[in-house]
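# Architecture and fold: a report
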Amino acid sequence: LFVVGISWVSVVAPQYSFLRVLRAIRPLRLIARQNQLKLVVSSLFIAIAKSFEVVVVGMLLVLVFANMGVDLFSGTFYDCTDSSVTKREECTGTFIGNLTDYNGASSPPQFDATSFFQLEDDSFPQLWYRTTYFHFDNIFAASLTIFEISNFEMWSDIMIAGLDSVDDETSMKSNSRQWTVIY
């Protein structure tokens, strides 16, 4: 009766023609009449509720590891564009030479800094930049990083950055904190 009423409303008042979409609920009458279909649908709703509980537990687990990551690695995935500078407070001014990141690549991985930052006198500004896209600087970014690691996406890059991190005021140094592999 409901479906028929909706159809009449859409015929009498065309501005309410979007209500015709509700005709899609007609097959639900079958479920009301068939006991076996009722059982399947009720089982489906119970399974969805139980799956939601598993997702909540998984999110809490990610939050715990993200909190540990913020404590261990917050502010440590940074480096200076000038490879001769090791401290954050020294990373100011300009330098002559090539832009390198802590692995010796030609420019920092997030941008092509060579053409963008080269000044008129062929020097470069000394910038303190994050070396990886994923980081542990805040709980939201750390949760996203843990989610990426749990999906086995870029986990080795994040592990190497953790190995090379020193502290939040010092440039990356190769294999400086080997114990972080445990995390």
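Below or above, wherever it landed, is the structure these notes cover. (Residues numbered from 1 in each chain as written. Predicted model: local features only at pLDDT ≥ 70, side-chain atom pairs only at ≥ 80, totals over all residues. Heavy atoms only, no water.)

## A word on unusual backbone geometry
Even without being a glycine, Met 154 presents a positive backbone phi close to 55°. For Met 154, the position within the fold is in the loop between α5 (139-150) and α6 (155-164). Overall, the relative accessible area of 40% leaves Met 154 in the partly exposed class. Although it is not a glycine, Asn 175 adopts a positive phi angle of roughly 55°. Relative to the helices and strands, Asn 175 is located in the segment after α6. By relative accessible area, which is 43% here, Asn 175 ends up partly exposed. (Helix = DSSP H or I, 4+ residues; strand = E, 2+ residues; numbered from the N terminus. Buried < 20%, exposed > 50% of the residue type's maximum accessible area, 1.4 Å probe, protein only.)

## Concerning the pattern of salt bridges
Scanning the entire structure with this criterion turns up one salt bridge. Asp 137 is the salt-bridge partner of Arg 130, the closest N and O atoms lying 3.6 Å from each other. Residue Asp 137 is classed as partly exposed on the basis of its relative accessible area, which comes to 23%. (Salt bridge = Lys/Arg side-chain N within 4 Å of Asp/Glu carboxyl O.)

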